[in-house]
Amino acid sequence: MEGKLLVTSKQKTEVVCGVPTQLVCTAFSSHILVVVTQFGKMGTLVSLEPSNVASDISMHVLTTKVLLGQDEPLIHVFAKNLVTFVSQEAGNNAVLLAMAMKDRSKEVLKALKEVIRTC
């Protein structure tokens, strides 16, 4: 089979706030899979689907849904803040986020976003 790869994937390991963190980003035709782990497992699986908000200015909003794992408000907030830019840069594709984090602080979130940007 010749032509373009159907799936593009990148992975890296970085130390985030003193903790080794593995990151895998995989682009499928309609979804982006982002795995962020400090435990070596997938952890909580969150689906982030784009939807339009009807107003004078069209806005894209991500709707979160926990598919597997802890369904807590902080998970939804962390997920949206972590991968909103991924969806936007991929043409508003849906994002599937798997995360297993020891710490979900603001500092960790900021550092993770920078690591994901390089992926």
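What counts, and where the lines are drawn
Residues numbered from 1 in each chain as written. Predicted model: local features only at pLDDT ≥ 70, side-chain atom pairs only at ≥ 80, totals over all residues. Heavy atoms only, no water. Salt bridge = Lys/Arg side-chain N within 4 Å of Asp/Glu carboxyl O. Buried < 20%, exposed > 50% of the residue type's maximum accessible area, 1.4 Å probe, protein only. Helix = DSSP H or I, 4+ residues; strand = E, 2+ residues; numbered from the N terminus. Expected span 1.5 Å × (residues − 1). Arc of directions from axis to C-beta. Contact = heavy atoms within 4.5 Å. Phe/Tyr/Trp six-rings, centres within 6.5 Å; stacked < 30°, edge-to-face > 60°. Lys NZ or Arg CZ within 6 Å of the ring centre and 35° of its normal. Disulfide = S-S within 2.5 Å. Axes fitted to C-alpha atoms, helices over the stretch in contact; angles between N-to-C directions. Parallel < 35°, antiparallel > 145°, perpendicular 65-115°, else oblique. Left-handed = near helix turned anticlockwise from the far one by under 90°. Nonpolar A, V, L, I, M, F, W, Y, C, P; charged D, E, K, R; others polar. Polar contact = N/O pair within 3.5 Å; in protein donor to acceptor, adjacent residues only side chain to side chain.

Asker: How should the pattern of salt bridges be read in this particular structure?
Answerer: Side chains carrying opposite charge are able to pair once their charged atoms draw close together. Per the counting criterion, the structure on display carries three salt bridges. Between Lys12 and Glu14 there is a salt bridge, with its nearest N and O atoms 3.8 Å apart. According to the relative accessible area criterion, Glu14 is partly exposed, its value standing at 32%. Look at the salt bridges and you will find they share partners, linking Glu89, Glu114 and Arg117 into a network.

Asker: Is there a simple way to think about helix H2 (residues 106-117) in this case?
Answerer: Side chains three or four residues apart in an α-helix point the same way, a direct result of the helix having 3.6 residues per turn. The end-to-end C-alpha distance of H2 is 17 Å, a good match for the 16 Å that twelve residues give at a rise of 1.5 Å each. Turning to H2, its buried residues are Val108, Leu109, Leu112, Val115 and Ile116. Buried residues of H2, viewed axially, fall in a sector of 125°; they line one side. Exposed residues lying more than 90 degrees from the buried face of H2 are Lys106, Glu107 and Lys110. Packing partners of the buried residues in H2 comprise strand S1 (8-16), strand S2 (19-27), strand S3 (31-37) and helix H1 (73-89).

Asker: Help me understand the packing of aromatic side chains in this model?
Answerer: Any two aromatic rings considered together are summarised by their centre-to-centre distance and by the angle between their planes. Per the stated rule, a full pass over the model turns up zero aromatic pairs. Looking at Lys41, its charged tip hangs above the ring of Phe39, at a distance of 5.8 Å from the centre. When the ring centre of Phe39 is taken as origin, the NZ or CZ atom of Lys102, which lies over that ring, is 5.6 Å away.

Asker: Explanation requested: H1 in the structure shown.
Answerer: In this model, H1 (17 residues) spans 25 Å end to end at C-alpha, consistent with the 24 Å of a helix rising 1.5 Å per residue. Listed as buried for H1 are Ile75, His76, Phe78, Ala79, Leu82, Val83, Phe85, Val86 and Ser87. Among the residues trailing H1, Gly91 stands out with phi positive, at a value near 75°.

Asker: Would you mind showing me how to read the state of the cysteines here?
Answerer: Throughout this description, disulfide means a covalent bond between two cysteine sulfur atoms. Applying the stated criterion to the full structure yields zero disulfides. Cys25 supplies the cysteine sulfur nearest to Cys119, a cysteine that is in no disulfide, at a spacing of 3.1 Å.

Asker: What is the right way to look at the packing of H1 against H2 in this model?
Answerer: Each pair of packed helices can be described by the angle between their axes along with the distance between the axes. Running from N to C, H1 and H2 cross one another at 20°; their axes reach a closest spacing of 10 Å. When the interaxial angle is binned, H1 and H2 end up roughly parallel. Two packed elements cross with a definite hand, and for H1 against H2 that hand is right-handed. Between H1, through Phe78, Asn81, Leu82, Phe85, Val86 and Glu89, and H2, the contact on the second element is made entirely by Leu109, Leu112, Lys113, Ile116 and Arg117. Split into classes, the residues belonging to the contact of H1 with H2 amount to seven nonpolar, one polar and three charged.

Asker: What exactly am I supposed to notice about the side chain of Gln38 here?
Answerer: Along the chain, Gln38 falls in the loop between S3 and strand S4 (44-53). Here Gln38 falls in the buried class, since its relative accessible area comes to 8%. At a separation of 3.0 Å, a polar atom in the side chain of Gln38 contacts the side chain of Thr21.

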